[in-house]
Amino acid sequence: MNHPGISRWQLAARRYGPRAVAPRHPVITMNLLPRSLVLRSLGASLALAATTAVRAAAPAPAGAAQQLESFEVTGTRIRGLVGEADFSPVIKFDRLEIEALGLTSMGEISRLIPQAFSQGSYDGVGFGGQHQGQGQVSDGSTASVLTQRTNINLRGLGAANTLVLVDGRRLSRSGNIRGSDGYDLTGIPVSAIERVEVLTDGASAIYGSDALGGVVNIILRKNYTGTEVTFSYENTFSSDTAVKGVNLNHSLTRGPLSLSLTASYQQRHAFAAVDRTFSSTDDWSKLGGTSSLASAGPSFGAGGFAVGAGIVQASAGNLPGRTTPFAVIPDGAGVAPQPAAAYVSVVGDSLGVPSYTGDRARYVNLISPQFTRTVGFRGGYDLKGGTQLRLSGGYNETRTHIEGMPVNFRNGIIVPANYPGNPFGVQVRLNKTFWELGPIQGEKFTTNSNLNFAGALTGRFGDGWRYELGASWNRSRLINESALDPVLDTGVSAPLIAAQRLVLFYDSRSSQPNDLALLRSMLRPGNATDRTDTLTWSASVDGPLPWIRLPAGPVQFAAGAESTTEKIATSQSIPDLPTINLSL
């Protein structure tokens with residue numbers, strides 16, 4: 001079929017997506033002082049381009065002119081022959097591809113982007129719970145709670161430097177409390193997505209400095225009528241890591257009014273590290289490597305935990321009368337003090353004692369259990385004269401349970417020389433796992449939520465000119481609840497040790513002489529809340545300049561301005577020390 005004013009290459013690009021090559025047009029871009037401030041940013045851009053119209057050899061019959069659809073564009077404000085033109089490299093995933101590949105989350109889509117840095121966080125896959133997707137598991141620090149988001153980190157420049165848009169509107173960032181701010185895609189239902197466009201080059205001239213690594217624009221479905229209900233179930237054959245989901249999409253069109261409603265729910269089971277051979281142990285020598293538990297993982301003082309009754313370590317040098325700083329608490333030791341002769345010396349190094357180092361892989365998940373629920377609406381109304389009013393809003397929430405580790409108080413317990421039960425008469429460090437407390441160290445419940453509203457007024461005027469006025473408000477929250485950091489809270493432990501209220505040199509597998517609530521209170525609380533409110537105002541105009549013509553055709557003009565204000569509020573159970581963290 002021949003289309004007037006459209007070249008066959010451009011038709012191929014429309015039909016087959018990014019694999020076809022469309023002719024490029026010369027472009028001149030001028031930026032009017034784009035700025036990005038810590039709490040407020042103001043950006044403006046001006047662009048000119050010359051375009052040419054290539055007509056097909058055979059004109060279409062009279063009255064058969066085709067109306068080309070209007071759609072969002074990523075990375076430019078200049079229109080080409082087929083509604084919009086991309087002057088930067090863009091990867092696109094349309095709805096047909098998403099359905100054909102069976103993708104059910106934004107995390108799965110993000111893994112198909114070649115430019116996405118592997119250290120990004122994808123729905124907790126390889127980053128769930130304590131595992132963190134690294135060579136070794138984490139020790140449960142609540143600083144790692146921020147990885148329970150779905151971020152995209154293009155080219156390794158950081159998740160905060162990859163801008164995420166929904167229908168061309170900014171999301172709010174979360175994670176500011178730890179300086180790990182980024183855009184969370186977890187709560188965006190795949191069933192509501194029409195296509196995903198990824199601008200793989202920096203676009204700070206158009207969008208500001210947070211688009212340094214690139215832009216991800218998620219285009220939602222619209223202008224369709226009907227009801228769609230989908231159910232999904234995924235699982236593995238060897239373990240119960242089921243992912244169950246249900247999605248509802250309902251849309252109607254009545255004259256100038258269009259309205260769509262979406263809702264979704266997804267539940268994901270845990271995927272334990274021991275369910276796969278490659279992650280079932282921290283001892284790499286069992287997997288064909290050379291590292292033992294001690295050399296592969298952190299030392300007793302940096303996250304590793306001691307098996308058995310515990311290890312006593314001299315604070316300096318060797319224990320009195322011994323050639324090593326390490327000795328094992330006797331099995332079955334209770335309240336009654338044990339003589340030094342009952343403590344067996346063991347050989348270790350600066351990282352710990354390999355034969356008494358616990359295998360943390362037994363307690364961690366590669367993927368943490370999680371549920372996500374979303375609800376949203378989109379509406380449009382065609383006013384007179386080609387003017388359209390668009391409104392949208394939604395709420396999504398994702399809750400993740402991060403598993404705990406055995407309680408070992410990461411920074412260790414320093415015991416004075418005269419403490420009851422200390423048989424060595426010198427100050428020692430107690431590398432001990434308090435088995436009676438269970439695996440609660442680092443356990444936490446993380447909730448990520450996003451509430452957003454947006455409105456836009458678009459229209460046309462003159463000969464081929466159009467404008468858009470928009471406003472959006474977005475609130476992102478990250479809540480860390482029931483969290484216990486692995487760090488010993490010395491503000492609690494120091495008075496208890498000074499008053500000698502705790503029995504420390506005992507075997508917790510067979511004896512529980514201490515008040516459990518008292519022991520639990522020595523874990524540093526890690527509850528935290530992070531809230532970011534983002535208000536954005538935008539305006540743009542574009543159209544041809546018929547009085548300025550180049551050999552390729554009339555010059556196209558586009559200008560836009562955007563003002564963004566971010567209000568950030570954070571709170572912690574125990575605030576971090578004051579620091580300055582500027583993201584420019």
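Since we're looking at a predicted model, the values are computed, not measured. (Residues numbered from 1 in each chain as written. Predicted model: local features only at pLDDT ≥ 70, side-chain atom pairs only at ≥ 80, totals over all residues. Heavy atoms only, no water.)

**Q** Looking at this structure, how should I read the overall build of the chain?
**A** Regarding its fold elements, the chain presents seven helices and 28 strands. In the chain, which comprises 584 residues, the proportion classed as buried is 49%. Across the chain, contacts joining residues at least 24 apart in sequence account for 72% of those joining residues at least 6 apart. Element-wise, carbon and sulfur atoms account for 58% of the exposed surface of the chain, whose accessible area totals about 26,800 Å². (Helix = DSSP H or I, 4+ residues; strand = E, 2+ residues; numbered from the N terminus. Buried < 20%, exposed > 50% of the residue type's maximum accessible area, 1.4 Å probe, protein only. Contact = heavy atoms within 4.5 Å. Areas by Shrake-Rupley, 256 points an atom, 1.4 Å probe, with all protein chains shown as cover.)

**Q** I'm lost on the pattern of salt bridges in this one. Help?
**A** Any two side chains of opposite charge can pair, on the condition that their charged atoms come close. The full count for this structure, using the stated rule, is 13 salt bridges. In this structure, Arg378 engages Asp167 in a salt bridge whose closest nitrogen and oxygen atoms are separated by 2.2 Å. Of this pair, Arg378 sits in strand S19 (residues 370-382) while Asp167 sits in the loop between strand S5 (162-166) and strand S6 (169-170); the two residues are 211 residues apart in sequence, bridging distant segments of the chain. In this structure, Arg378 and Asp167 share a single accessibility class: buried. Put simply, Arg95, Glu99, Arg221 and Glu228 are held in one network by salt bridges that share partners. (Salt bridge = Lys/Arg side-chain N within 4 Å of Asp/Glu carboxyl O.)

**Q** I would appreciate a short explanation of the sheet that holds S6 in the present structure.
**A** Picture the strands of a sheet paired through backbone hydrogen bonds; they go either parallel or antiparallel. Read across the open sheet, the five strands follow the order S4-S9-S10-S5-S6; overall the sheet is mixed. Edge positions in the open sheet fall to strand S4 (90-94) and S6, since each of these has one partner strand only. Pairing geometry for S4 and strand S9 (residues 193-199), over five bridges, is antiparallel. Note that in S9 the partner of Asp94 across the bridge is Arg195. (Pairing = 2+ DSSP bridges.)

**Q** I tried to follow the side chain of Gln441 on my own but got confused; where do I start?
**A** For Gln441, the location among the structural elements is in the loop between strand S22 (428-431) and strand S23 (444-461). Residue class for Gln441 comes out buried when judged on its relative accessible area of 1%. A polar contact is formed between the side chain of Gln441 and the side chain of Asn408, at a distance of 2.7 Å. (Polar contact = N/O pair within 3.5 Å; in protein donor to acceptor, adjacent residues only side chain to side chain.)

**Q** Whenever I open this one, the pairing of strand S13 (residues 257-268) confuses me. Can you help?
**A** Consecutive residues of a regular strand have side chains that alternate between opposite faces of the sheet. Of the two faces of S13, the one lined by Ser258, Ser260, Thr262, Ser264, Gln266 and Arg268 is fully buried and the one lined by Leu257, Leu259, Leu261, Ala263, Tyr265 and Gln267 carries no buried residue. Relative to S13, strand S12 (residues 243-254) runs antiparallel, the two being bridged by 12 bridges. In the strand pairing of S13, Arg254 is matched with Leu257. In this structure, S13 lies alongside S19, joined through 12 bridges in antiparallel fashion. Bridging across to S19, Leu261 finds its partner in Phe377.

**Q** Help me out: how do you make sense of the sheet that holds strand S21 (residues 413-415) in this one?
**A** Overall, antiparallel pairing links the five strands, which are arranged S17-S16-S15-S22-S21 in an open sheet. Unpaired on one side and paired on the other, strand S17 (344-346) and S21 mark the two borders of the sheet. Within the sheet, the average angular offset between the axes of one strand and its neighbour, ignoring direction, is 35°. (Axes fitted to C-alpha atoms, helices over the stretch in contact; angles between N-to-C directions.)

**Q** Help me out: how do you make sense of the environment of Ile367 in this one?
**A** Along the polypeptide, Ile367 turns up in strand S18 (residues 365-367). Residue classification places Ile367 among the buried residues on the basis of a relative accessible area of 14%. Considered as a pair, Ile367 and Thr400 are 33 residues apart in the sequence and their alpha carbons are 9.9 Å apart.

**Q** Before we go on, may I ask you to explain unusual backbone geometry in this structure?
**A** Apart from glycine, the bulk of residues carry a negative phi angle, and the bulk of peptide bonds sit in the trans form. Not every positive phi belongs to a glycine, and Ser482 is a case in point at roughly 50°. When you line up the elements, Ser482 lands in the loop between strand S24 (465-481) and strand S25 (484-488). If you check the backbone angles, Gln500 has positive phi at about 55° while not being a glycine. Along the chain, the position of Gln500 falls in the loop between helix H6 (490-498) and helix H7 (516-520).

**Q** Would you take a moment to explain the packing of aromatic side chains for this structure?
**A** Centre distance and the angle of the planes are the two values used to describe a pair of aromatic rings. One pass over the full model with this rule turns up six aromatic pairs. Residues Phe461 and Trp465 carry aromatic rings whose centres are separated by 6.0 Å and whose planes lie at 35° to one another, so their mutual orientation is tilted. A ring pair is formed by Phe461 and Tyr467, whose centres lie 6.2 Å apart and whose planes are at 40°; its orientation type is tilted. Judged by its relative accessible area of 39%, Phe461 falls in the partly exposed class. Given a relative accessible area of 25%, Tyr467 falls into the partly exposed group. In textbook terms, an aromatic cluster arises when at least three aromatic residues are bridged by ring pairs, as seen for Phe461, Trp465, Tyr467 and Phe557. Positioned above the aromatic ring of Phe434, the side-chain terminus of Lys432 is 5.5 Å from the ring centre. The cationic tip of Lys432 hangs over the ring face of Tyr506; the distance from NZ or CZ to the ring centre is 4.0 Å. (Phe/Tyr/Trp six-rings, centres within 6.5 Å; stacked < 30°, edge-to-face > 60°. Lys NZ or Arg CZ within 6 Å of the ring centre and 35° of its normal.)

**Q** Teacher, can you tell me more about H6 here?
**A** Owing to its 3.6 residues per turn, the α-helix aligns residues three or four sequence positions apart on the same side. All of the buried residues along H6 are Ser493, Leu496 and Ile497. All buried residues of H6 fall inside an arc of 95° around its axis, so they share one side. Residues of H6 that are exposed and point more than 90 degrees away from the buried face comprise Gly491 and Ala498. Check the buried side of H6 and you find it contacts S21, S25 and H7. Within two residues after H6, Gln500 carries a phi angle of roughly 55°, on the positive side. (Arc of directions from axis to C-beta.)

**Q** Help me understand the side chain of Thr433 in this model?
**A** Along the chain, the position of Thr433 falls in the loop between S22 and S23. A relative accessible area of 0% places Thr433 in the buried class. A distance of 2.7 Å separates the side chain of Thr433 from the backbone oxygen of Ala306, its partner in a polar contact. When neighbours within four sequence positions are excluded, Thr433 is seen to be in contact with Phe305, Ala306, Pro406, Val407, Asn408 and Ser508.

**Q** How do you make sense of the confidence of the model for the chain when you look at a structure like this?
**A** Detail in the predicted coordinates should be disregarded across regions flagged by low pLDDT. In the predicted model, the chain carries a mean pLDDT of 75, and the fraction of residues at 70 or more is 72%. Segment residues 47-60: pLDDT under 50, and 45 contacts once partners within four positions in sequence are set aside and those in other chains are kept. Scored below 50 in pLDDT, residues 578-584 shows four contacts in the model against residues more than four places distant or in partner chains. (pLDDT = per-residue confidence, 0-100.)

**Q** Help me understand the environment of Glu468, please; the structure alone is not making it clear to me.
**A** Its location among the elements puts Glu468 in strand S24. Each C-alpha atom of the pair Glu468 and Thr387 lies 9.6 Å from the other, and the pair is 81 residues apart in sequence. When sequence neighbours within four positions are dropped, the list of residues in contact with Glu468 reads Arg169, Arg390, Ala456, Leu457, Thr458, Ser538, Ala539 and Ser540.

**Q** Help me out: how do you make sense of a nonpolar patch on the surface in this one?
**A** A cluster of nonpolar side chains, contributed by Leu257, Leu259, Leu261, Phe377, Tyr381, Leu383, Leu389, Leu391 and Phe453, occupies part of the molecular surface with about 740 Å² of accessible area. With three residues, the top contributor of residues to the nonpolar patch is S13. As for its position among the elements, Phe377 is in strand S19. (Patch = residues over 30% accessible without salt bridge, like charges linked within 9 Å, V, L, I, M, F, W, Y side chains within 5 Å.)

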